[in-house]
Amino acid sequence: MSDHWIGGRRVTSPIRFDDISPIDGSVLAHVSRACPEEVDLAVDTAEKAFTHWRRTTRERRAELLHKIADGVEKRLDELAAVETSDNGALLRSHLRGVMPRVAHNFRFFADWLVDEVCHPDFDTRGHTNRVSWDPAGVCALITPWNAPLMLASWKIAPALAAGDTVVLKPAEWTPLTATLLAEITAEAGLPDGVFNVVQGHGENTGQHLVNNPRLRRISFTGSVPTGKAIARAAAANLVPTSLELGGKSPLIVFADADLDLAVKLAVEQYDNAGQVCLAGVRLLVEESVAAEFLAGFLTRADALKQGDPRDPATDVGPLIHRRQLDRVDGFVRRAVADGARVLLGGGPNTELGGLYYRPTLLTDVRPGSEILTEEVFGPVLTLQTFRREEDAVAMANDTRFGLAATLVTGDEDRARRVTEQLVAGTVWVNCFFVRDLRAPFGGSRESGIGREGGNWSFDFYCDVKNTVTAGQGWRHG
Ligand code: NAD
């Protein structure tokens, strides 16, 4: 069972849908599907809770967020196991990286609220300006399935820290850890109604939620088409919206690079079976080292072990859903029909059956073809070569996305030069996926609108107010 969480209690719906594990197709839960009345109830409840939560001191809010982090750490094994069964990502990653990160999200924004969210007052011709960060109201948070609790907590923590109340709608393919988090918030002592969860599908539950005119913020992570639908709904009510969308990021390897490092970083792009928004899926390699790079890449990628994500030896698990597998395979088949050559993989792993797709590398891809322009969101990389630095930059930027870029080079000047020209929210130089919560995170072009992280999160989740006070006019005595 997986239900909604509204006003500090479980709420069930008469209509349910099955939550299926990508590992073996088993039914994990019969999930309540929120109807419009239940969605509205969640927003009403969050709005009522806002009246007292907004007046709760920063210190108390921070204390409660730390207690939620304690609860996540206490139930880390359970959260990791449930998330793996729900979305098929590696258990060892959930245990070592993802769930500790969830706890860290709560601790970070608690501490940032208390230590950093301030602004020096300043004087204007005898008047004092005082900038304050006021809580905004009810936030709708809508999240995808590829890193469910990580991405949800990255929004929930700053929203609660800011003094806002929350209605979370997790992805319909991965509803389970949101339900566990709801229990954890209650155990931590978070007042009823401050954090609410509605379960359901995007096109009805999600759409009804973002249409609600009483929302004060919408933060969404997911695909570009959904982002556009949400932006339209938000525009109708003038609700500030943060959109973290898809990508088609390049990984550029120059001839002066440490090639072992370049190969290692390139093969890492198969992590989470390629279902990572930031993945550098377009490998752009300088022609003079392309053969050597490819040999190293194939050796390393061949050694990846595909299988059950609960097995600690597994490197690449299943895709999330049959629909996703068919979509990924469709991209590969059409690319091959269009002249692409398969250097690795190229289809489902028939030995394993189920939803396993072989790590795939394609070359001789036609410029402008969909395999180079559309987000595949699976373990599929393309390999292209370039001769000159300016060609690499042009190829890297030849996309309507702008989420991230990875650069591998031994030349510091080149790194600076190229980085300046890349259109991307994050550029990694000689590394990948190093994330610090103080840093801005988000995408350019169709990869999104806005930045979150550190002050950027508080900018988004708060109504920033400036109060100008004259030095005279007080009645004393
Ligand atoms: P999706 O857009 O299909 O769904 C995301 C969420 O939106 C789900 O909860 C879904 O139910 C909901 N939704 C769908 N239609 C809606 C509507 N009309 N109104 C309101 N809510 C609606 O995305 P997905 O397939 O779950 O996730 C994969 C996508 O997410 C990829 O494009 C990936 O790049 C992107 N992503 C981006 C980031 C980032 O930080 N930029 C991180 C992870 C994933």
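Residues numbered from 1 in each chain as written. Predicted model: local features only at pLDDT ≥ 70, side-chain atom pairs only at ≥ 80, totals over all residues. Heavy atoms only, no water.

By the naming in an unreviewed UniProt entry, the chain is 5-carboxymethyl-2-hydroxymuconic-semialdehyde dehydrogenase, taken from Kutzneria buriramensis. As recorded by UniProt, the Sequence similarities (unreviewed entry) comment attached to the chain reads in full: "Belongs to the aldehyde dehydrogenase family." (UniProt positions renumbered as here; feature names shortened; annotations may be inferred.)

Quick look at empty space enclosed by the protein now. The final tally for this structure, using the stated rule, is six cavities of 30 Å³ or more. Of the pockets and cavities examined, the largest cavity occupies roughly 90 Å³. Considering the residues around the largest cavity, the lining is formed by 13 residues, among which Gly 247, Val 281, Glu 375, Val 376 and Phe 377 are closest to the centre. When the residues that make up the lining of the largest cavity are grouped by side-chain class, the tally is seven nonpolar, four polar and two charged. Forming the boundary of the second largest cavity are 15 residues, of which Pro 250, Thr 399, Gly 402, Ala 404 and Val 423 lie nearest the centre. Partitioning the lining of the second largest cavity into residue classes produces nine nonpolar, four polar and two charged. (1 Å grid on protein atoms, 1.4 Å probe; cavity = no way out; pocket = protein on both sides within 12 Å on 5 of 7 lines; lining within 4 Å. Points joined across faces, edges and corners; volume = space filled by probe spheres on them. Nonpolar A, V, L, I, M, F, W, Y, C, P; charged D, E, K, R; others polar.)

With that settled, the discussion passes to the pairing of strand β18 (residues 426-429). Covered by surrounding structure in β18 are Thr 426 and Trp 428 only, the residues Val 427 and Val 429 on the alternate face being uncovered. Pairing geometry for strand β17 (residues 404-408) and β18, over four bridges, is parallel. Looking across to β18, one finds that Thr 406 is bridged to Trp 428. Crossover handedness for the path β17 to helix α14 (residues 412-421) to β18: right-handed. (Buried < 20%, exposed > 50% of the residue type's maximum accessible area, 1.4 Å probe, protein only. Helix = DSSP H or I, 4+ residues; strand = E, 2+ residues; numbered from the N terminus. Pairing = 2+ DSSP bridges. Right-handed = clockwise from strand over helix to strand, strands pointing away.)

Turning our attention to α14. An α-helical turn contains 3.6 residues, so a residue and the one three or four places further along point in the same direction. For α14, every residue scored as buried is listed here: Arg 414, Ala 415 and Val 418. For α14, the angular spread of the buried residues around the axis is 100°, confining them to a single face. Exposed residues on α14 whose side chains face more than 90 degrees from its buried face are Glu 412 and Glu 420. Buried residues along α14 sit against α13 (389-397), β17 and β18. In this structure Asp 411 caps α14, since a side-chain oxygen of it lies 2.9 Å from the backbone nitrogen of Asp 413. (Arc of directions from axis to C-beta. Contact = heavy atoms within 4.5 Å. Polar contact = N/O pair within 3.5 Å; in protein donor to acceptor, adjacent residues only side chain to side chain.)

Before going further, it helps to examine the UniProt feature "domain: Aldehyde dehydrogenase" (unreviewed entry) in the chain. Following the UniProt record, one finds the feature "domain: Aldehyde dehydrogenase" (unreviewed entry) at residues 16-466. Secondary structure across residues 16-466 comprises 43% helix and 20% strand; the distance between its end C-alpha atoms is 47 Å.

Let us look at the packing of aromatic side chains. Under the definition given, this model contains 14 aromatic pairs. Between Phe 109 and Phe 458, the ring centres sit 6.1 Å apart and the planes meet at 55°, which makes this aromatic pair tilted. In this pair, Phe 109 sits in helix α4 (residues 91-115) while Phe 458 sits in helix α15 (residues 454-461), placing the two residues 349 residues apart along the sequence. Note on Phe 109: relative accessible area 0%, which makes it buried. According to the relative accessible area criterion, Phe 458 is buried, its value standing at 1%. Taken together through their ring pairs, the aromatic side chains of Phe 108, Phe 109, Trp 112, Trp 154, Phe 441 and Phe 458 make up a single cluster. Just above the ring of Phe 331 sits the side chain of Arg 334; from NZ or CZ to the centre is 5.2 Å. (Phe/Tyr/Trp six-rings, centres within 6.5 Å; stacked < 30°, edge-to-face > 60°. Lys NZ or Arg CZ within 6 Å of the ring centre and 35° of its normal.)

If you walk across this open sheet you meet the seven strands as β14-β15-β16-β13-β12-β17-β18, and the pairing is mixed. Looking at strand neighbours, the two that pair on one side only are β14 (341-344) and β18, the edges of this open sheet. Looking at each pair of strands side by side, their axes are set apart by 25° on average, direction ignored. Across four bridges, the pairing between strand β15 (residues 360-363) and strand β16 (residues 380-386) is parallel. Bridging across to β16, Leu 362 finds its partner in Thr 382. Set on the sheet, helix α9 (residues 259-267) makes contact with β12 (249-253), β13 (280-286), β16 and β17; between it and β12 the angle comes to about 160°. In this fold helix α10 (residues 287-302) packs onto β12, β13, β14, β15 and β16, with an angle of close to 140° to the strand it touches most, β13. (Axes fitted to C-alpha atoms, helices over the stretch in contact; angles between N-to-C directions.)

Volume-wise, the second largest pocket comes out at about 1100 Å³. Along the wall of the second largest pocket there are 40 residues; nearest its centre are Ser 93, Asp 271, Asn 272, Val 276 and Phe 433. Where the lining of the second largest pocket is concerned, the elements lending two or more residues are α4, α5 (148-162) and α9. A total of seven residues in the lining of the second largest pocket trace back to one element, the largest contributor, which is α4. Here the lining of the second largest pocket is composed, by residue class, of 21 nonpolar, nine polar and ten charged. No fewer than three residues from each of domain 1 (4-245 + 447-468) and domain 2 (250-429) sit in the lining of the second largest pocket. (Domains from an automatic or database assignment.)

Turning our eyes to something else, we now look at the nonpolar core. In terms of nonpolar packing, the biggest core is built from 92 residues, with Ile 68, Phe 293, Phe 297 and Phe 458 touching the most fellow members. Here this core takes eleven residues from α5, the largest share from any one element. Judged by nonpolar contacts, the second largest core, of 25 residues, contains Val 43, Ala 46, Val 198 and Leu 209. (Core = buried A, V, L, I, M, F, W, Y, C linked by side-chain atoms within 4.5 Å.)

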